[in-house]
Amino acid sequence: MTDTETRARRVVAAPDAPRRRRRSGGGPRAGTIAAFLTPFFLPFVLFYLVPVGYALWQSFRVVRRTGGQYGTSYTTFGGFHQYAQVLHNTEFWSSIGRIGLFGIVQVPVMLFVALIMALLLDTPLLKVKAFFRISAFMPYAVPGVIAAIMWSYLYSPQLSPVVDLLGHLGLHPDFLGPGAVLWSTANVSTWLWTGYNMLIMFSALQAIPQETYEAAKLDGANNWTIAWRIKVPIIAPSIVLTTVFSIIGTLQLYAEPAVLRQISSNISSTFTPNMLAYAVASGNNYQQAAAISVVIAVITFVLSFGFMRLTSKKAGL
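Below is a summary of the structure that appears in this document. (Residues numbered from 1 in each chain as written. Predicted model: local features only at pLDDT ≥ 70, side-chain atom pairs only at ≥ 80, totals over all residues. Heavy atoms only, no water.)

Turning next to the nonpolar core. In terms of nonpolar packing, the biggest core is built from 22 residues, with Leu-115, Ala-118, Leu-119, Met-198, Met-201, Leu-205 and Ile-235 touching the most fellow members. Only helix H4 (90-122), helix H8 (181-206), helix H9 (210-218) and helix H10 (223-234) provide two or more residues apiece to this core. By residue number, the principal contributor to this core is H4, which donates 8 residues. (Core = buried A, V, L, I, M, F, W, Y, C linked by side-chain atoms within 4.5 Å. Buried < 20%, exposed > 50% of the residue type's maximum accessible area, 1.4 Å probe, protein only. Helix = DSSP H or I, 4+ residues; strand = E, 2+ residues; numbered from the N terminus.)

Shown next, in the form of structure tokens:
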């Protein structure tokens, strides 16, 4: 047997050599992934999960007193006592009903205006689109408190040039009256958020292939038919998304009525659910305020999730 054959047999008989480890640059490591995810998860845990957990913990606690009026107080586990108080609170349900009426009217109007603006921006008939797009989105860049202060000036009977002009025309509107203050607040929210929703819808319209429009025109469709029979159904997911955002924002309404309350006695400290929670917390009843916040969160989740399920069933998804 030659030396070459001997070496070949040794190589065949030898056990398989261990596979080489993956090179260091062959794929992402756990440390690298953690380094990229930490900037997100750390604030998420600190500023979302921890406050939510603390609010849940507080909502199950009650304050007990011993020794009468001048005795000592301590907090202890109270079960669902705080939630029972919330469910029997007439001011809470009044604020929910008020904000429900607000959302039923304001959200469809705002989204309809946003849709019309998005369709107009997407049509080739409109010139200087960049100017109109920036102008429509500009109110969203204004903080809600600043916007409410600006509109309170326009609503004030003593200061508003709009009210003064309407007065010269024989009209005397009371924008801050008991029957109008809710819709004055809705007007501020609509002015603030229409441009934001319009931009989401317009971005969805920009993603539609131009070949779709060309095929529709070859079939004899005009601009009106293309808008309502092609564009709107295609961007339906974006409309659903903006509706969910609007439902969540409606139940979180606070800044606009809180500012208008400074000039109108028709807005109470319990005008919206969030204002009620703040008023209760200002009275040092943090456990009750936490329970109100949790109930608001649950109602928000039920409404938004229910709307998404309803639209998914109608779409056959």
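Bringing unusual backbone geometry into the picture now. Here the phi dihedral of Asn-284 falls at roughly 65°; this positive angle occurs in a residue that is not glycine. By secondary structure assignment, the location of Asn-284 is in the loop between helix H13 (273-282) and helix H14 (286-315).

Here we take up the layout of surface pockets. Taken as a whole, the largest pocket holds about 590 Å³ of empty space. What lines the largest pocket is a set of 15 residues, and nearest its centre among them are Val-52, Gln-252, Ser-293, Val-294 and Ala-297. Where the lining of the largest pocket is concerned, the elements lending two or more residues are helix H2 (30-59) and H14. Class assignment of the residues belonging to the lining of the largest pocket gives a composition of 11 nonpolar, 4 polar and no charged. (1 Å grid on protein atoms, 1.4 Å probe; cavity = no way out; pocket = protein on both sides within 12 Å on 5 of 7 lines; lining within 4 Å. Points joined across faces, edges and corners; volume = space filled by probe spheres on them. Nonpolar A, V, L, I, M, F, W, Y, C, P; charged D, E, K, R; others polar.)

So, about the packing of aromatic side chains. Going through the model one piece at a time under the given rule, you end up with 19 aromatic pairs. Relative to Phe-80, the ring of Phe-60 lies with its centre 5.4 Å away and its plane at 80°, an arrangement referred to as edge-to-face. With Phe-60 in the loop between H2 and strand S1 (61-66) and Phe-80 in the loop between strand S2 (72-77) and helix H3 (81-87), this residue pair connects regions lying 20 residues apart in the sequence. Residues Trp-224 and Trp-228 carry aromatic rings whose centres are separated by 5.7 Å and whose planes lie at 55° to one another, so their mutual orientation is tilted. With Trp-224 and Trp-228 both in helix H10, this residue pair falls 4 residues apart, about one helical turn. In this structure Trp-228 comes out as partly exposed when scored by relative accessible area, which is 29%. Through successive ring pairs, a cluster of aromatic residues spans Phe-40, Phe-41, Phe-44 and Tyr-48. Lying over the aromatic face of Tyr-213, Lys-231 brings its terminal NZ or CZ to 5.1 Å of the ring centre. (Phe/Tyr/Trp six-rings, centres within 6.5 Å; stacked < 30°, edge-to-face > 60°. Lys NZ or Arg CZ within 6 Å of the ring centre and 35° of its normal.)

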